[in-house]
Amino acid sequence: MRQRAARDQQRLDSGAVTSPKDLESLQHEIASLAKRQGDLEDVVLEVMERREAAQERVAELTARVDAIQAKVDDAVARRDTATDEIDTEAGTVTKERELTVADIPADLLKLYDRIRAKEGGIGAARLYQRRCEGCRLELNITELNDVRAAAADTVVRCESCGRILVRTPDSGL
Ligand SMILES: [Zn+2]
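Residues numbered from 1 in each chain as written. Predicted model: local features only at pLDDT ≥ 70, side-chain atom pairs only at ≥ 80, totals over all residues. Heavy atoms only, no water.

K.L.:
Is there a simple way to explain the coordination of the zinc ion in this structure?
P.N.:
Four donors placed tetrahedrally about a metal ideally form angles of 109.5 degrees, and six donors placed octahedrally ideally form angles of 90 or 180 degrees. Protein-derived coordination of the zinc ion comes from C132 (SG), C135 (SG), C158 (SG) and C161 (SG), at a distance range of 2.3 Å. Because the angles between the four donor atoms bound to the zinc ion fall within 105 to 116°, the donor set is best described as tetrahedral. Here the donor residues of the zinc ion share one chain and are spaced in sequence as C-x2-C-x22-C-x2-C. With a gap of 26 residues between them, C135 in the loop between β2 (131-132) and α4 (141-149) and C161 in the loop between β3 (156-157) and β4 (164-167) connect regions that are remote in the sequence. When its relative accessible area of 10% is taken as the criterion, C161 is described as buried. (Donors = N, O, S within 2.8 Å, 3.2 Å for Na, K, Ca; no water. Tetrahedral: all angles 85-135°; square planar, octahedral: opposite > 155°, others 65-115°. Helix = DSSP H or I, 4+ residues; strand = E, 2+ residues; numbered from the N terminus. Buried < 20%, exposed > 50% of the residue type's maximum accessible area, 1.4 Å probe, protein only.)

K.L.:
Quick question: what am I supposed to make of the pattern of salt bridges here?
P.N.:
Side chains that differ in charge, positive against negative, can pair when their charged atoms come close. Under the definition given, this model contains twelve salt bridges. Between R4 and E29 there is a salt bridge, with the nearest N and O atoms lying 3.2 Å from each other. Remark: E29 occurs in helix α2 (residues 20-101) and R4 occurs in helix α1 (residues 2-14); sequence separation between them is 25 residues. Residue classification places E29 among the partly exposed residues on the basis of a relative accessible area of 24%. Shared partners join several salt bridges into a network, and the residues in it are R97, D113 and R116. (Salt bridge = Lys/Arg side-chain N within 4 Å of Asp/Glu carboxyl O.)

K.L.:
Help me understand a nonpolar patch on the surface, please; the structure alone is not making it clear to me.
P.N.:
A cluster of nonpolar residues, I68, V72 and V76, forms a patch on the protein surface that exposes about 230 Å² of accessible area. Structurally, I68 can be placed in helix α2. The exposure class of I68 is exposed, given its relative accessible area of 53%. (Patch = residues over 30% accessible without salt bridge, like charges linked within 9 Å, V, L, I, M, F, W, Y side chains within 5 Å. Areas by Shrake-Rupley, 256 points an atom, 1.4 Å probe, with all protein chains shown as cover.)

K.L.:
Help me understand a negative patch on the surface in this model?
P.N.:
Taken together, the side chains of D84, E85, D87 and E89 make up a negatively charged region of the molecular surface. Assessed through its relative accessible area of 54%, E85 is described here as exposed. (Lys, Arg positive; Asp, Glu negative; His and termini not counted. Charge placed at Lys NZ, Arg CZ, Asp CG, Glu CD.)

Structure representation (structure tokens):
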């Protein structure tokens, strides 16, 4: 289009075109070419601006994706560490339990496991200051007297929750 406008301008300047009608038509074409060129330049400018805005948006979104990915990586690493710690602890506790269980009579262990399954994972509870630490209820006087009267190797149980009560010097007996 620029070439055509330049050629038109050259013809106009050369004086080769002499007819007023042709001259007018040539000038008209030059003017409309100039306008069209201006319009196209505006379009190009707009496209470039939009491209720039789009590139900025891409950069912004990429940064956000990177930040989120970093958070995900961090969370995964912390989860993996926690899982390792839990596995190690579970291994230790399992070994400790095996050692402890070896010293407990089979029927008592059976009773303990049965209560534990029924009572949310806690089969035995400390009797602390006249209170069962399994269900948090205080033993009444009759119950306390029964526990007091029981021999040291008798298995005593909480009347309220059924758990095995573990007597200690702090039991309040
Ligand atoms: Zn209880």
